[in-house]
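Notes for the structure review
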Amino acid sequence: MPMRFHFLKYSFQIVFLIIQFLPATSKSQAEFPQSWVGNWKGDLEIFNAKGKAQTIGMELHIQPLDSLTYTWTIIYKADTIRDERKYFLKIKDASKGRYEIDEENSIILDAYLLGGVLYEQFEVLGSTILTRTEKQGENLVFEILAGKAEPANTTGGVTHEGEEIPVVKSFPLTNYQKAVLKKF
C-alpha cells in the first residue's frame, strides 16, 4: 500500500480524535435548552419499507424546573387515545454536550447535543433506537430511526493486500418517524 495512503489514513484518525475532545461552543449549543422551552405540537409521520404507515398527533412540552432540569413531556394522540410520557431533561455537562433523559422509572437515557442537534441512541427489547431533535427556525424537528439490534450483515475481519480490515457490522433499519413541531 502506498505510503501516502497510510499517512492520510492515520492523519484522519488523529483529526477525528482531536475533534472528539473539543468543547461544544457553537451558538446553538450555548442556547440549548433555553431556546427550546415551550409547548410544541404537530403530526408524527411513521414510515416503514412500504411507505407511510401512520400519522398521529404529537406534542413535546419543554419547561424549566430549575437551572439543571427541564420537563420533557411527550404526548401522542391517536383517535381518542392520549399517551403522555413525562420525562425530564437533565443537564450533566453542557460544555461537553452531555444531557440525560430521565424517565423516572430507573431508565435514564444518555443524550448528546452535537451541532445543535440532541441525539439519544439506545437498545431496548432487541431493537436499536436513534432519536434526533433539532430546532430549525421556528420549528422543532423530532425524528426516530429504529431497527433490529442483531446485525443484518457482518463483513471485513480479514487481511486484504497486507492490511488488517476490521470487522464491520451493518444493522437493519425498519422504522422511521418524523414530526415537525410548532410552538403553540
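To be clear, the structure that these remarks concern was listed above.
What you see is a predicted model; the values in this text were computed from it and never measured.

Conventions and cut-offs
Residues numbered from 1 in each chain as written. Predicted model: local features only at pLDDT ≥ 70, side-chain atom pairs only at ≥ 80, totals over all residues. Heavy atoms only, no water. Pairing = 2+ DSSP bridges. Helix = DSSP H or I, 4+ residues; strand = E, 2+ residues; numbered from the N terminus. Axes fitted to C-alpha atoms, helices over the stretch in contact; angles between N-to-C directions. Phe/Tyr/Trp six-rings, centres within 6.5 Å; stacked < 30°, edge-to-face > 60°. Buried < 20%, exposed > 50% of the residue type's maximum accessible area, 1.4 Å probe, protein only. Lys NZ or Arg CZ within 6 Å of the ring centre and 35° of its normal. Core = buried A, V, L, I, M, F, W, Y, C linked by side-chain atoms within 4.5 Å. Contact = heavy atoms within 4.5 Å. Salt bridge = Lys/Arg side-chain N within 4 Å of Asp/Glu carboxyl O. Polar contact = N/O pair within 3.5 Å; in protein donor to acceptor, adjacent residues only side chain to side chain.

Looking down a regular strand, the side chains alternate between one sheet face and the other. Alignment of strand β6 (residues 108-114) against strand β7 (residues 117-124), held across four bridges, turns out to be antiparallel. Across the sheet, residue A111 finds its bridge partner in β7, namely E120. Where β6 folds back onto β7 in an antiparallel hairpin, the turn is made up of two residues, including G115, whose phi is positive at roughly 60°. With eight bridges joining them, β7 and strand β8 (residues 127-136) adopt antiparallel strand pairing. If you follow V124 over to β8, its bridge partner there is S127.

Reading around the circumference, β1-β2-β3-β4-β5-β6-β7-β8-β9-β14 is the order of the 10 strands in this closed barrel, with antiparallel pairing throughout. Neighbour to neighbour, the strand axes of the sheet diverge by 25° on average, direction disregarded.

Across all of its chains, the model carries three aromatic pairs by this definition. Between F32 and W36 the ring centres are 4.5 Å apart and the planes differ by 80°, which places this aromatic pair in the edge-to-face class. The exposure class of W36 is buried, given its relative accessible area of 2%. Chaining the aromatic ring pairs together yields one cluster made of F32, W36 and Y99. The ring of F184 carries K41 above its face, with NZ or CZ at 5.5 Å from the centroid.

Turning to the nonpolar core, a few remarks are in order. In terms of nonpolar packing, the biggest core is built from 29 residues, with W72 and L118 touching the most fellow members. Contributing elements (two or more residues each) for this core: β1 (38-48), β2 (51-62), β3 (69-78), β4 (81-93), β5 (98-102), β6, β9 (139-148) and β14 (175-183). Not counting the four nearest positions on each side in its chain, L118 is found in contact with F32, W36, W72, L89, Y99, A111, Y112, L113, T131, R132 and T133.

The omega torsion across F32 and P33 is 0°, close enough to zero to call that bond cis. For P33, the location among the structural elements is in the loop between α2 (27-31) and β1.

Below, the discussion takes up the pairing of β1. One ladder, built from 11 bridges, connects β1 with β2; its direction is antiparallel. In the strand pairing of β2, D43 is matched with G57. Following β1, the chain reverses through two residues before pairing antiparallel with β2. In this structure, β1 lies alongside β14, joined through six bridges in antiparallel fashion. Residue pairing in the sheet places F47 in a bridge with Y176 of β14.

With that settled, consider the pattern of salt bridges. Opposite charge on two side chains permits pairing when their charged atoms draw close. Applying the stated rule across the entire model yields nine salt bridges. Between K77 and E59 there is a salt bridge; the shortest N-O distance is 2.7 Å. Placement of K77 in strand β3 and of E59 in strand β2 is noted, with a sequence separation of 18 residues between them. Assessed through its relative accessible area of 7%, E59 is described here as buried. R82 serves as the salt-bridge partner of E84, at 2.9 Å between the closest nitrogen and oxygen.

Here E143 lies in strand β9. At 2.4 Å, the side chain of E143 and the side chain of Y176 are in polar contact. With sequence-adjacent residues up to four places away left out, E143 is seen in contact with L130, T131, R132, Y176, Q177 and K178.

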